[in-house]
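Chains, contacts and geometry: an overview
Residue-level listing of the chains:
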Amino acid sequence: MSNWIKTKNNEKIDLNSIPTLEIKVLREEIIRLCKLDMRPIGFFGKDWGNNTTKLFVALADDKNGALYVSSSIFEFPASNYESLTPDIPAFHIFEREFYEDFNIKPLNHPWLKPLRKNQDNYQFFKMDGEEVHEVAVGPIHAGVIEPGHFRFMCNGETVYHLEIMLGYQHRGIENLMAQRPSNQLAESISGDSVIAYNLAYSQVMENLKGISVSNKAQLIRKLALEMERAAIHIGDLGAIAGDIAYLMGASVFGATRTLVINTMLEFSGSRFGRGLITIGGVNFDIDDEKIKRAEKTFEKVESDVKRMVKTMLKNSTVISRLEKTGTISTERAKEIGLVGMAARAAGLNLDSRFNFRDKWIDELNIEPVQIKGTGDVNARFKLRYREILQSFSIIKKIFARLRECTNEPVNCGYEALTKENSKDSFAISIVEGWRGEVVHIAMTDNKGNLTRYKIKDPSFNNWYGLALAVRNNGVSDFPLCNKSFNLSYSGNDL
């Protein structure tokens, strides 16, 4: 494995120790390792000076909890390489992004369309036939939603193909993070994943600086992450119920979610946990009185969720709408690189909490959720339900452990990026948010300055999964399929 440097989640490595290979050799290496069940979590470039671009590749070995990093240099005008996508389809979106950012073309890529810079003369997929028609939705939507365009190719009511065009926001988040990194910016990247994003950012910066975080602060962070997971999953159960006109479920789940986020408000001053996590720990302690109130609240939430889900799943009309709707097979999910909750619902064992374990997974005796991964809306509904119960189980254990470390500090304190300790560094932080893996990668130069900050939201992997899942469903099934994935526009449009 001399062509790769092996590392772990939340571990700093020397930037200069990352091997640099000829692109043909790197391509062969990537294909070889992906055939051994590894998968891409990073494929991005950096301006390397002297008219060159350096490509960095990070692969995840989920079974062994390891990460492998390598690189290649492109010297202009030699600005192309043979695409990986025909051999490893999961690279399709990574290669499109790399091409758009650096104009280095993956030759023979089967779908080389703009990813974010796509509002001018975008060529949609076309189908011919007298019975074929198009349905266009967005980018301006009827509800409170971010901009995205959906183009359906239909025969009557049946969807043959869905093409999703995003990239309307042009926020430049990665450049901002490299220039002026902050917890406030990190938690604003995707508003429904404040804790996951802020945690990934804090951890990657702590790795660069060599900062340790107390057990108490680690537990509060994990508590907040599971509260975020439970709250959003409960809200999504309500959204799915609303889309099948099961209004009682929509109302109950909506009210129940509010109890969870109001508890987060009591813990941090924000219903979404803004300002809770910071580099070096957390900003707020949680005393025993707050824990007691939260335990009582969550007992009611768990009871209400159980009762409502069991009632829904006894209803034959509900089952008829959820089963075999928006299905994506295990084989196709793996092929295209689906991650997170959507991947698990399709039968893939991907959860970075367990694939890249920290000490608390073992100490709190946390086990992954098991369901039959049928890959349809029904599976995504049931997985959310099981993960809600799992989150509350984890939260109970964390509350018990917090009572054991009342005298520990919640924030060790830190100074601005310690450049001397952070020279020529490269670090990866993966956090399993409610939607899936949030990946933050940071690197510094020989002066210790942050020079590249790469972000990957699970939606980056999963939007194409939604497009495949809706095939052969009715147009009217799309809102239900869409809610069952609940992907992020802002997390994708960096």
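The paragraphs below set out a description of the structure included in this document.

Each value, and the rule that gives it
Residues numbered from 1 in each chain as written. Predicted model: local features only at pLDDT ≥ 70, side-chain atom pairs only at ≥ 80, totals over all residues. Heavy atoms only, no water. Pairing = 2+ DSSP bridges. Helix = DSSP H or I, 4+ residues; strand = E, 2+ residues; numbered from the N terminus. Axes fitted to C-alpha atoms, helices over the stretch in contact; angles between N-to-C directions. Contact = heavy atoms within 4.5 Å. Salt bridge = Lys/Arg side-chain N within 4 Å of Asp/Glu carboxyl O. Buried < 20%, exposed > 50% of the residue type's maximum accessible area, 1.4 Å probe, protein only. Phe/Tyr/Trp six-rings, centres within 6.5 Å; stacked < 30°, edge-to-face > 60°. Lys NZ or Arg CZ within 6 Å of the ring centre and 35° of its normal.

What follows deals with the sheet that holds strand E14 (residues 425–432). Note on sheets: strands pair through backbone hydrogen bonds, and any given pair is parallel or antiparallel. One open sheet holds the 4 strands; their spatial order is E2-E14-E15-E16, and the pairing between them is antiparallel. The open sheet has two edge strands, strand E2 (11–14) and strand E16 (450–456), and neither has a second partner. Averaged over all neighbouring strand pairs, the angle between strand axes comes to 15 degrees, with direction disregarded. Note that E2 and E14 share 4 bridges and pair antiparallel. Within the sheet, the bridge partner assigned to aspartate 14 lies in E14 and is serine 425. Of the strands in this sheet, E2, E14, strand E15 (437–444) and E16 touch helix H5 (residues 194–209), which is tilted by about 150 degrees from E14.

In this section: the pattern of salt bridges. Evaluation of the coordinates by the stated rule reveals 40 salt bridges. Residue arginine 116 is joined to glutamate 97 by a salt bridge in which the shortest nitrogen-to-oxygen separation is 3.0 Å. Remark: glutamate 97 occurs in helix H2 (residues 92–102) and arginine 116 occurs in the loop between strand E8 (105–107) and strand E9 (132–137); sequence separation between them is 19 residues. Taking the relative accessible area as the measure of exposure, arginine 116 reaches 12% and is therefore buried. Taking relative accessible area as the criterion, glutamate 97 reaches 3% and is therefore assigned buried. Of the charged contacts, one joins glutamate 363 and arginine 401 as a salt bridge, the two residues approaching to 3.1 Å between their closest N and O atoms. Linking glutamate 363 in helix H13 (residues 359–363) with arginine 401 in helix H14 (residues 377–402), this pair joins segments that are 38 residues apart in sequence.

The subject of this paragraph is the pairing of strand E5 (residues 52–61). Most of E5 sits inside the fold, with 10 of its 10 residues counted as buried. Side-chain alternation along E5 places Thr52, Lys54, Phe56, Ala58 and Ala60 on one buried face and Thr53, Leu55, Val57, Leu59 and Asp61 on a second face that is also buried. Where strand E4 (residues 39–49) meets E5, 9 bridges bridge the pair, whose relative direction is antiparallel. Paired with lysine 46 across the strands is lysine 54, a residue of E5. Linking two consecutive strands that pair antiparallel, namely E4 and E5, is a turn of 2 residues; a positive phi of about 55 degrees is found at asparagine 50 within it. Taking the residues between adjacent antiparallel strands as the criterion, E5 and strand E6 (residues 66–75) are bridged by 4 residues, where glycine 65 takes a positive phi near 65 degrees.

In this section: the environment of isoleucine 394. Locating isoleucine 394 in the fold gives a position in helix H14. Placed 288 residues apart in sequence, isoleucine 394 and proline 106 show a C-alpha to C-alpha distance of 44 Å. Beyond its immediate stretch of four places on either side in the chain, isoleucine 394 contacts Glu226, Arg353 and Ile366.

The next thing to look at is the packing of aromatic side chains. Counted according to the given criterion, the structure contains 20 aromatic pairs. Here the aromatic rings of phenylalanine 43 and phenylalanine 91 are separated by 5.5 Å at their centres, their planes lie at 75 degrees, and the arrangement is edge-to-face. Here phenylalanine 43, found in strand E4, pairs with phenylalanine 91, found in the loop between strand E7 (80–82) and H2; they are 48 residues apart in sequence, far enough to count as distant. Here the two residues phenylalanine 43 and phenylalanine 91 agree in accessibility, since each one is buried. Aromatic side chains phenylalanine 74 and tyrosine 81 sit 5.8 Å apart centroid to centroid with 55 degrees between the ring planes, which places their arrangement in the tilted category. Its relative accessible area of 3% is what places phenylalanine 74 among the buried residues. A relative accessible area of 5% places tyrosine 81 in the buried class. Through a chain of ring-to-ring contacts, three or more aromatic side chains come together here, namely Phe43, Phe74, Tyr81, Phe91, Phe94, Phe98, Phe102 and Phe460. The ring centre of tryptophan 111 lies 4.1 Å from the NZ or CZ of lysine 113, which sits over that ring. Positioned over the ring face of phenylalanine 124 is arginine 151, at 3.8 Å from the centre of the ring.

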